[in-house]
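One letter stands for each residue in the lines below.
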Amino acid sequence: MLLRGRVLAYFAKVKITDTPKIRIGDAVKLIKESAKAKFDETIDFQLRLNVDPKHGDQNVRGTCMLPGGLGKNVSIAVLTSNEFNEVALRAGADFVGQEEILKSIKDGTYKFEKLITTQDMLIHLKPFARLLGTKGLMPNPKAGTLVLPQELSTAIKGAKAGSIEFRVDSGSNLMVPVGKKSFEDKVILMNIKAFSIALNQKRPISLKGQLIGEARIKTTMGKPVEVDVSSFDQRNKENDLKDLVY
């Protein structure tokens, strides 16, 4: 989360003057062709929203299922009553067991990247709320990680399949991964379309005008490229992704 904070701070300050805003399809091609790292870089999509997060109703937050996935296996811990551990394991959980998970959090030895819990177990996490919060691991219903027992299987499978959480920061910035450099352009664009739909579903009722102010896309080690918002924003009926089916 600290690295993510630095990246968003960088995006908030940097101004690209030598690169004009280009259409989303061309932007994806450009950053992939420019990627020089020897590993399979993540493609990050960064937006600046026309909202003021200081107002509670404009603190945009939600989840999105990326149809093309993220190209990585997310390790998931599930904290629930022991009677549901088998359900969690069948759905794809990597870690289960109340005592083991709580001990690993307390000792700082946990290996999971996402923590899903049922509501009855939330009380056991309260002593670690600050720690988990700074790591982005504290279960939350808006993030789809605080669920009812009957929702466990769906939540776990969704997280494994490419479910992401998005949340605007104090500077009105928002960044999400939308794939890997190795992905076909179409898969990345499908993920961007799905994210745009999910984002607009969280549009504040009080907001007047356009939700998305600026957009940039980049690979992990690459320079950001400014993107024409109208080319992907699903509120624009003539956007470039309107006929893309997934």
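Structure: above.
Analysis parameters
Residues numbered from 1 in each chain as written. Predicted model: local features only at pLDDT ≥ 70, side-chain atom pairs only at ≥ 80, totals over all residues. Heavy atoms only, no water. Axes fitted to C-alpha atoms, helices over the stretch in contact; angles between N-to-C directions. Helix = DSSP H or I, 4+ residues; strand = E, 2+ residues; numbered from the N terminus. Parallel < 35°, antiparallel > 145°, perpendicular 65-115°, else oblique. Left-handed = near helix turned anticlockwise from the far one by under 90°. Contact = heavy atoms within 4.5 Å. Nonpolar A, V, L, I, M, F, W, Y, C, P; charged D, E, K, R; others polar. Polar contact = N/O pair within 3.5 Å; in protein donor to acceptor, adjacent residues only side chain to side chain. Phe/Tyr/Trp six-rings, centres within 6.5 Å; stacked < 30°, edge-to-face > 60°. Buried < 20%, exposed > 50% of the residue type's maximum accessible area, 1.4 Å probe, protein only. Core = buried A, V, L, I, M, F, W, Y, C linked by side-chain atoms within 4.5 Å.

1. Section: the packing of helix α2 (residues 24-34) against helix α7 (residues 185-201)
Here is step 1: One can describe the packing of α2 onto α7 by two numbers: an axis separation of 10 Å at closest approach and a directional angle of 125°. By the criterion of interaxial angle, the relationship of α2 to α7 is oblique. Where α2 crosses over α7, the two elements pack in a sense that is right-handed. When α2 is examined against α7, the residues Ile-24, Gly-25, Val-28, Lys-29 and Lys-32 are found in contact with a partner set consisting of Asp-185, Ile-188, Leu-189 and Ile-192.
Here is step 2: Taken together, the residues of the contact of α2 with α7 break down into five nonpolar, one polar and three charged.

2. Re the side chain of Gln-58
Here is step 1: Mapped onto the elements of the fold, Gln-58 is located in the loop between β1 (42-49) and β2 (61-65).
Here is step 2: Side-chain polar atoms of Gln-58 contact the backbone nitrogen of Asp-52, separated by 2.7 Å.
Here is step 3: At 3.4 Å, the side chain of Gln-58 forms a polar contact with the side chain of Ser-206.
Here is step 4: Gln-58 has contacts with Val-51, Asp-52, Pro-53, Val-168, Pro-204 and Ser-206, leaving out every residue within four places of it along the chain.

3. Quick notes on unusual backbone geometry
Here is step 1: A positive phi angle, near 70°, is found at Ser-172, a position not held by glycine.
Here is step 2: You can see Ser-172 is positioned in the loop between β7 (163-167) and β8 (173-180).

4. So, the packing of aromatic side chains
Here is step 1: With the rule as written, the count across this model stands at four aromatic pairs.
Here is step 2: Taken together, a centroid distance of 5.5 Å and an interplanar angle of 80° make the contact between Phe-166 and Phe-195 edge-to-face. Placement of Phe-166 in strand β7 and of Phe-195 in helix α7 is noted, with a sequence separation of 29 residues between them. In this pair, the class of Phe-166 matches that of Phe-195, namely buried.
Here is step 3: Aromatic ring contacts, followed pair by pair, group Phe-45, Phe-166, Phe-195 and Phe-232 into a single cluster.

5. Some details on the nonpolar core
Side chains that are nonpolar tend, in soluble globular proteins, to be buried together.
Here is step 1: Judged by nonpolar contacts, the single largest core of 41 residues is most densely connected at Phe-45, Leu-49, Ile-192, Leu-199, Ile-217 and Phe-232.
Here is step 2: Within the residue set of this core, elements represented by two or more residues are α2, β1, β7, β8, α7 and β9 (212-219).
Here is step 3: If you tally residues by element for this core, the top one is α7, at nine residues.
Here is step 4: Discounting chain neighbours no more than four positions away, the residues touching Leu-49 are Val-60, Val-168, Ser-172, Leu-174, Leu-199, Leu-211, Ile-212 and Gly-213.
Here is step 5: Judged by nonpolar contacts, the second largest core, of 13 residues, contains Tyr-110, Leu-115, Leu-125 and Leu-132.

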